[in-house]
Amino acid sequence: MIAPEGTTDSPPTADISQLADHLFRHEFAKLVSVLTRIFGIDRLDFAEDIVQETLAKALRTWPYIGVPRNPAAWLTQAAKNLALDHIRREKLHRDKEAQIIASFEDWSSDPDSESPQFENEIKDGKLRLIFACCHPSIPPEAQTALALKTLCGFSPAEIAKAFLTTEAAIAKRLTRAKQRIRELRIPFEIPSGEELSSRLDAVLQTVYLLFNEGYKASSGENLIREELCSEAIRLAALISEHPATDLPRTHALLSLMLLNAARLRARTDSDGNVLRLKDQDRSLWDRAMITRGIVQLGQSAVGNEISEYHLQAGIAACHCSAPDFQSTDWPRILALYDQLVLIDDSPIVALNRAVAVAQVDGPEAGINAIAAIRNCQSLESYYLFYAILGEFESRLENFPTAARHLRRAIQLAEIGSEKALLSARLAECENQPTRVTKLV
Amino acid sequence: MIFFRGNDWDKNLSPEELQKVTSNFMAWFERLSADGIAKGGAPLESETHVVSASKGRIVSDGPFAESKEAIAGFFLLHVASMEEAVEIAKQCPTLKYGVNVEVRQVAPECTKMRLAEQLVAHGAA
């Protein structure tokens, strides 16, 4: 086959769709933000539709014409053409048409030859888009959906898979979010002055939630969940690179996500069974990602403010820098948790702190730490609460009590591989000879 | 060819250099915690602007290795006992296939609201 000029030989369609997908994810926010700057934030839908259509066009034509030599430039040019077609056809912006066409002329089609000034505008545009999507007037669950749609180019179906909900529910969330943007006239700008700090916190919180969605579950669409983690990391990196938001807590958030994501691959074995930290093959941990995480950790240690992200990043760093489970610096982890519980009163944090307490001061201290957790009602239906108590009791050789907790944990656990792990622990406890009076 | 600026952070730092960066962080942390930390991150509860549209802050599960990986594996389904949370969970159509559901706990009231009520009560007195 002879490839047309300016293209390479045509690779198989599957590869093209993968390449387009990858490129698209990375170009999406940029294209949407440039179009939004030109057409206004109230036409966010229009911008997204144009960019979606651009990808569809790439997927349709690339298998025939081959992958363009500069795919990003191709996408940009195609998006511009589509936008112009729409303007002319719909006559929506007749009064502004000349101005819009002028803006298009500033917009180079070749990302490699963009002026540094335009490059800064792109950075600004992306950050503006992030601030608009994470505006506090939009409900949090809609913020994460909107971020995935608008900043990461996820389809509603993909978002639904990632959040384990229906496509219709996601579509509703997205529509409402965009309605609010229009109704409240949410500005397309980077906040400044005092507002910046609180608005940035809202943005970071959304990115953190996005990461957690990807990190927490072992079930379902693993691939898409890993993608959520990497998109959250990408967004945080983008935020950390803009001078307005290049702040210590941004780096701390980025660090904690990198250091946790670095361990993702080692968390299950080849059969999908859950592995405990001490059983994980640490050579599977992503060293390059750990390095990035530690570099970010270093950049976060500035100034006089410690955020919850700093403390979580510090904890993750302790795990990542331990060559094996035995050499984990538990006293340090506990010191970090001691501070974390001061600024985050979540019972989940307190429960995790109890594990560190047990590693440092023994299982009995761990049990006491659990008993001291305030507002622990929400833990009563949480399988790890019982799994941890069971673990502590079995270390104390109170096997019948341990078995009771483990049975409750098994009831509450919902994933087969977790039930299996807990059942194995239960069997160990049940097979212990009943402890008779301890001889002194 | 991808535009992920920042891939180059991935400088080849030696394990010793990484250790040094980590130690610097820990030294910084210890200095601040000795000074009585906390002022840094305003307590999460008062940072509730994220959810000013709804009722309180999101309590989400975090990427904590201690409970998930040290004890019983890493998966964590945050099941709150509050009715709203359960209602949300029930709407998930994949529930019956044994899929876990995202459930978030909403604090009973927003601290800003509490503050406002206190101020009103104070003003009325």
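The rules behind the values
Chains are numbered independently. Their residues run from 1 in the order of the written sequence. Chain letters and ligand numbers both follow the written order, the letters beginning at A and the numbers at 1. In view of the model being predicted, local features appear only for residues whose pLDDT reaches at least 70, and side-chain atom pairs are presented and counted only at 80 or more, with totals across whole chains, interfaces and linings using the full set of residues. Water and hydrogen atoms were dropped before computing side-chain values, which therefore reflect all heavy atoms in the structure. In DSSP terms, a helix is any run of H or I states spanning at least four residues, a strand is any run of E spanning at least two, and both are numbered starting from the N terminus. With a 1.4 Å probe rolled over the protein chains alone, any residue whose accessible area is under 20% of its type maximum counts as buried; one over 50% counts as exposed, and the rest are partly exposed. The contact criterion used throughout is that any non-hydrogen atoms of two residues lie within 4.5 Å. A 1.4 Å probe and the Shrake-Rupley method give the accessible areas. Residues count as covered only by the protein chains that appear here. Definition used in this section: a nonpolar core is a set of buried Ala, Val, Leu, Ile, Met, Phe, Trp, Tyr and Cys residues joined via side-chain atoms within 4.5 Å. Between N-to-C directions, angles span 0 to 180 degrees; the directions come from axes that are lines fitted to C-alpha atoms, helices contributing only their stretch in contact. When describing relative orientation, an angle under 35 degrees is termed roughly parallel and one over 145 degrees roughly antiparallel, while 65 to 115 degrees is termed roughly perpendicular and anything else oblique. Rotating anticlockwise by less than a right angle from the far helix to the near helix defines a left-handed crossing, while the corresponding clockwise rotation defines a right-handed one. Throughout this entry, Asp, Glu, Lys and Arg are counted as charged residues, while Ala, Val, Leu, Ile, Met, Phe, Trp, Tyr, Cys and Pro are counted as nonpolar. The remaining residues, Gly among them, count as polar. Helix span, expected: 1.5 Å multiplied by one less than the number of residues in the helix. Aromatic rings from Phe, Tyr and Trp, taking only the six-membered ring of Trp, are treated as a pair when their centres fall within 6.5 Å; an angle between ring planes under 30 degrees marks them as stacked, one over 60 as edge-to-face, and anything in between as tilted. Each ring is checked for a lysine NZ or an arginine CZ that lies within 6 Å of its centre and within 35 degrees of its normal; such an atom marks a charge sitting over the ring. The rule for a salt bridge is simple: a side-chain nitrogen of Lys or Arg has to be within 4 Å of a carboxyl oxygen of Asp or Glu. The term polar contact refers here to a pair of N or O atoms within 3.5 Å; inside protein, the definition further demands a hydrogen-donor-capable atom paired with an acceptor-capable atom, and it admits residues adjacent in sequence only when both atoms are side-chain atoms.

Looking at the overall build of chain B
Link 1 in the chain: Along the backbone of chain B there are four helices and two strands.
Link 2 in the chain: Its helices and strands in sequence order give chain B the pattern α-β-α-α-β-α, from N to C terminus.
Link 3 in the chain: Counting only residues that meet the buried cut, chain B has 46% of its 125 residues in that class.
Link 4 in the chain: Within chain B, contacts between residues at least 6 apart in sequence are counted, and of these 50% link residues at least 24 apart.
Link 5 in the chain: Working note: accessible area of chain B is about 6,700 Å², and carbon and sulfur atoms make up 60% of it.

Some details on the overall build of chain A
Link 1 in the chain: Secondary structure summary: chain A contains 19 helices and zero strands in total.
Link 2 in the chain: Roughly 18,100 Å² of accessible area belongs to chain A as shown, and the carbon and sulfur atoms make up 50% of that amount.

Some thoughts on the nonpolar core
Link 1 in the chain: Grouped together as the largest cluster of nonpolar side chains are 151 residues, with contacts concentrated most on Ile130, Leu151, Phe163, Val207, Met257 and Ile370 of chain A.
Link 2 in the chain: With near-sequence residues (within four places) excluded, leucine 151 of chain A lies in contact with Arg25, Phe28, Ala29, Lys126, Leu129, Ile130, Cys133, Leu146, Arg234 and Leu235 of chain A.

Some remarks on the packing of helix 18 (residues 399-412) of chain A against helix 19 (residues 416-430) of chain A
Residue and element names in this part refer to chain A.
Link 1 in the chain: Packing of helix 18 against helix 19 brings their axes to within 9 Å, and their N-to-C directions diverge by 160°. Comparing the axis directions of helix 18 and helix 19 gives the class roughly antiparallel. For the pair helix 18 and helix 19, the sense of crossing is left-handed. Of helix 19, the residues touching helix 18 (which contributes Phe399, Ala402, Ala403, Leu406, Arg407, Ala409, Ile410 and Gln411) are Lys419, Leu422, Ser423, Arg425, Leu426, Cys429 and Glu430.
Link 2 in the chain: By residue class, the composition of the contact of helix 18 with helix 19 is nine nonpolar, two polar and four charged.

Remarks on unusual backbone geometry
Residues and elements named next belong to chain A.
Link 1 in the chain: Here the phi dihedral of arginine 185 falls at roughly 50°; this positive angle occurs in a residue that is not glycine.
Link 2 in the chain: Within the secondary structure, arginine 185 is located in the loop between helix 8 (167-183) and helix 9 (194-216).
Link 3 in the chain: On the accessibility criterion, arginine 185 (71% relative accessible area) is exposed.
Link 4 in the chain: Although it is not a glycine, glutamate 397 sits at a positive phi angle of roughly 65°.
Link 5 in the chain: With respect to the secondary-structure elements, glutamate 397 resides in the loop between helix 17 (383-395) and helix 18.

Examining helix 11 (residues 248-261) of chain A
Link 1 in the chain: Counted at 1.5 Å a residue, the expected span for helix 11 of chain A with its 14 residues is 20 Å, and the 20 Å between its end C-alpha atoms agrees.
Link 2 in the chain: Here helix 11 of chain A lies mainly inside the structure; 13 of its 14 residues are buried.

Digging into the side chain of threonine 206 of chain A
Residue and element names in this part refer to chain A.
Link 1 in the chain: Tracing the backbone through its elements, the reader meets threonine 206 in helix 9.
Link 2 in the chain: Judged by relative accessible area, threonine 206 falls into the buried class, the value being 3%.
Link 3 in the chain: When neighbours within four sequence positions are excluded, threonine 206 is seen to be in contact with Cys134, Gln143 and Thr144.

Overview of the packing of aromatic side chains
Residue and element names in this part refer to chain A.
Link 1 in the chain: Tallying each qualifying case throughout the model produces eight aromatic pairs over all chains.
Link 2 in the chain: Seen from their ring centres, phenylalanine 39 and phenylalanine 46 are 4.9 Å apart, and the 75° between their planes marks the pair as edge-to-face.
Link 3 in the chain: The buried category is assigned to phenylalanine 39, whose relative accessible area is 4%.
Link 4 in the chain: Cation over ring: arginine 408 sits above tyrosine 386, and NZ or CZ is 5.5 Å from the ring centre.

Re the side chain of threonine 22 of chain B
Link 1 in the chain: One can find threonine 22 of chain B in helix 1 (residues 15-34).
Link 2 in the chain: Accessibility expressed as a relative area gives 5% for threonine 22 of chain B, which makes it buried.

A short note on the pattern of salt bridges
Residue and element names in this part refer to chain A.
Link 1 in the chain: Scanning the entire structure with this criterion turns up 15 salt bridges over all chains.
Link 2 in the chain: Measuring nitrogen to oxygen at the nearest pair gives 2.8 Å for the salt bridge that ties lysine 178 to aspartate 45. With lysine 178 in helix 8 and aspartate 45 in helix 2 (residues 44-65), this pair connects stretches of sequence that are 133 residues apart.
Link 3 in the chain: Residue class for aspartate 45 comes out partly exposed when judged on its relative accessible area of 31%.
Link 4 in the chain: For arginine 276, the salt bridge identified is with aspartate 279, shortest N-O distance 3.6 Å.
Link 5 in the chain: According to the relative accessible area criterion, aspartate 279 is partly exposed, its value standing at 42%.

Comments concerning helix 15 (residues 347-361) of chain A
Residue and element names in this part refer to chain A.
Link 1 in the chain: Its 15 residues place the ends of helix 15 20 Å apart at the C-alpha level, agreeing with the 21 Å of an ideal helix rising 1.5 Å per residue.
Link 2 in the chain: Counting buried positions along helix 15 gives 11 out of 15 residues, so the element sits mostly inside the fold.
Link 3 in the chain: Of the positions making up helix 15, those classed as buried are Pro347, Ile348, Val349, Ala350, Leu351, Asn352, Ala354, Val355, Ala356, Val357 and Ala358.
Link 4 in the chain: You can read the cap of helix 15 off the contacts: a side-chain oxygen lies 3.0 Å from the backbone nitrogen of isoleucine 348, and it is on serine 346.
Link 5 in the chain: Glycine 362 occupies a position one or two residues after helix 15 and carries a positive phi of about 100°.

Some remarks on the packing of helix 6 (residues 140-151) of chain A against helix 8 of chain A
The relative placement of two packed helices is expressed as an angle between their axes plus a distance between the axes.
All names here are of chain A.
Link 1 in the chain: Interhelical geometry of helix 6 versus helix 8 gives an angle of 95° and a closest axis separation of 9 Å. For the element pair helix 6 / helix 8, the angle class is roughly perpendicular. The segment helix 6 lies against helix 8, with Glu141, Ala142, Ala145, Leu146 and Lys149 engaging Arg173, Leu174, Ala177, Lys178 and Ile181.
Link 2 in the chain: Its residues assigned to classes, the contact of helix 6 with helix 8 comprises six nonpolar, no polar and four charged.

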